[in-house]
Amino acid sequence: MPLDCIEHETGTSPAWSVIWLHGLGADGHDFAPIVPQLVRRDWPALRFVFPHAPVRKVTINNHMAMRAWYDIVDADLDNRADEAGVDESVAQVETLIAREATRGVPRGRVLLAGFSQGGAVTLAAGLRSTEPLAGLVALSTYVPSANKARSVLANAEARAPVFFGHGSQDPVVPFQAGQGSAALLRELGFDVDWHAYPMPHSVCAEEISDLGDWMSRRFSAG
């Protein structure tokens, strides 16, 4: 059963899909307003899919129940992500990607995007992908369980291009963690387009513009 989602189509018969995962404690509504700021007139028709993460108790937040893609068990990034929760969320994302195929958008025309915790799941899904996606968008995030990234890389031929944006003043996911994750992905053979911005744990207009440029190149290549 696919996750509940908010959807927005920019035209009839979408040729591409963008599945966008929100951050901890948010929901699918969080990034839906970005669509009119991001979309350009010369782009093909897109379907934006904004899923809601399941509600679960989050250890680091005093076990409060909230929407989360995985439990956060430790502030330390190497041990932060609950691996079973990440696995579950990657499987749920794969279900959404498969559903797009049934609606006429093949995997090679699906962009997977995520912010913070959603970005971590995006990168985990990209590492484990056996067939290529059109691209990965990683915003203010990190590679979960980075020390195991090499062992979970499923198919070197399926490595998708990555847009990676991070704020230099991020107090939640340290800037160095984003830099390190981008370097790790490059080491594993991913084509990473890295961008740094003078902002905290958020997005900014310049980042949306840069992401739009990157997406335009993806659509031209496809």
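Just above, that's the structure.
Once a new chain begins, its residue numbering starts again from 1 and follows that chain's sequence as written. Thresholds applied to this predicted model are a pLDDT of at least 70 for local features of residues and 80 or more for the giving and counting of side-chain atom pairs; totals over whole chains, interfaces and linings are not thresholded and use all residues. Only hydrogens and water are removed before side-chain values are computed, so all heavy atoms of the structure are retained for them.

## A word on the overall build of the chain
- Where helices and strands are cited, they refer to DSSP runs of H or I of at least four residues and of E of at least two residues respectively, numbered from the N terminus. For the chain, the count of helices and strands is 7 helices and 9 strands.
- Only C-alpha atoms enter the radius of gyration, while the globule expectation follows 2.2 Å times N to the 0.38, with N the number of residues. Radius of gyration (C-alpha) of the chain: 16 Å, near the 17 Å computed for a compact globule of 222 residues.
- Considered along the principal axes of its C-alpha atoms, the chain spans approximately 45 × 35 × 35 Å.
- Within the chain, buried positions represent 52% of all 222 residues.
- Note on areas: Shrake-Rupley with a 1.4 Å probe; residue coverage comes only from the protein chains shown. Approximately 9,500 Å² of the chain is accessible, and the part contributed by carbon and sulfur atoms is 50%.
- In this charge count, Lys and Arg are treated as positive and Asp and Glu as negative; neither His nor the chain ends contribute. Where a charge lies is defined by one atom per residue type, namely NZ (Lys), CZ (Arg), CG (Asp) and CD (Glu). With 18 positive and 26 negative side-chain charges, the chain shows a separation of 4 Å between the mean positions of the two kinds. Relative accessibility thresholds used throughout: buried, under 20% of the residue-type maximum; exposed, over 50%; partly exposed, between the two (1.4 Å probe, protein chains only).

## Structural notes on the pattern of salt bridges
- One side-chain nitrogen of Lys or Arg within 4 Å of one carboxyl oxygen of Asp or Glu is enough to make a salt bridge. Across all of its chains, the model carries 12 salt bridges by this definition.
- The partner of Glu 7 in a salt bridge is Arg 99, with the nearest N and O atoms 3.2 Å apart. Taken together, the positions of Glu 7 in strand E1 (residues 5-9) and Arg 99 in helix H3 (residues 83-102) put the pair 92 residues apart, joining distant regions of the chain.
- Assessed through its relative accessible area of 24%, Arg 99 is described here as partly exposed.

## Some remarks on helix H7 (residues 205-221)
- Between its terminal C-alpha atoms H7 stretches 25 Å, which fits the 24 Å expected from 17 residues at 1.5 Å a residue.
- By the burial criterion, the buried members of H7 are Glu 207, Ile 208, Asp 210, Leu 211, Gly 212, Trp 214, Met 215, Ser 216, Arg 218 and Phe 219. Here a helix's expected span is defined as the number of its residues, less one, multiplied by 1.5 Å.

## Some thoughts on the sheet that holds E1
- The rule for pairing is simple: two strands pair if DSSP sees at least two bridges between them. The mixed open sheet is built from 7 strands, whose spatial order is E1-E3-E2-E6-E7-E8-E9. Strand pairing shows two members of the sheet lacking a second neighbour, E1 and strand E9 (192-197), which therefore form its edges. Here the strands of the sheet are splayed against their neighbours by 15° on average, with no regard to which way each runs.
- Pairing of strand E6 (residues 110-115) with strand E7 (residues 135-139), which is carried by 5 bridges, proceeds in the parallel orientation. Along E7, the bridge assignment pairs Leu 112 with Leu 136.
- Contacts were defined at the residue level, with two residues in contact if any of their heavy atoms lie within 4.5 Å. Here an axis means a line fitted to C-alpha atoms, over the contact stretch when the element is a helix, while the angle between two N-to-C directions is reported on a 0 to 180 degree scale. Sitting on the sheet, helix H4 (residues 117-128) is in contact with strand E2 (16-21), E6, E7 and strand E8 (162-167), with an inclination near 140° to E6.

## Things to note about the nonpolar core
- By nonpolar core we mean a set of buried residues, namely Ala, Val, Leu, Ile, Met, Phe, Trp, Tyr and Cys, connected to one another through side-chain atoms within 4.5 Å. Judged by nonpolar contacts, the single largest core of 43 residues is most densely connected at Ile 19, Tyr 70, Val 162, Phe 164, Leu 185 and Phe 190.
- Elements with a contribution of two residues or more to this core: E2, H3, E6, H4, E7, E8 and helix H6 (175-187).
- The element that contributes the greatest number of residues to this core is H4, accounting for 6 residues.
- Aside from chain neighbours lying at most four places away, what touches Leu 185 is Leu 123, Leu 127, Val 143, Val 162, Phe 164, Phe 190 and Val 192.
- Trp 16, Phe 31, Leu 46 and Ala 134 belong to the second-largest nonpolar core, a separate cluster that totals 25 residues.

## A closer look at the pairing of E6
- With 6 of 6 residues buried, E6 lies mostly within the body of the structure.
- Residues Val 110, Leu 112 and Gly 114 line one face of E6 and the alternating positions Leu 111, Ala 113 and Phe 115 line the opposite face, and both faces are buried.
- Inspection of the sheet shows E2 paired to E6 by 5 bridges, in the parallel sense. Residue pairing across strands places Trp 20 opposite Ala 113, the latter belonging to E6.
- Clockwise travel from the first strand over the helix to the second, with the strands pointing away from the viewer, marks a crossover as right-handed. In the classification by handedness, the crossover that spans E6, the intervening H4 and the parallel E7 is right-handed.

## What to know about the side chain of Asp 170
- As for its placement among the helices and strands, Asp 170 is situated in the loop between E8 and H6.
- Separated by 3.4 Å, the side chains of Asp 170 and His 166 make a polar contact.
- For this analysis, a polar contact is any N or O atom pair within 3.5 Å, provided that within protein one partner can donate a hydrogen and the other can accept it, and provided that sequence-adjacent residues contribute only side-chain to side-chain pairs. Side chain to side chain, Asp 170 and His 201 meet in a polar contact 2.8 Å long.
- Not counting residues within four places of it along the chain, the set of residues in contact with Asp 170 comprises Ser 140, Phe 175, Met 199, Pro 200 and His 201.

## Some remarks on the environment of Met 215
- By the secondary structure assignment, Met 215 is in helix H7.
- Among the residues examined, Met 215 registers a relative accessible area of 1% and is labelled buried.
- Sequence-distant contacts of Met 215, defined by excluding residues within four places in its chain, comprise Val 18, Leu 38, Trp 43 and Leu 111.

These figures come from the coordinates and say nothing about function on their own.
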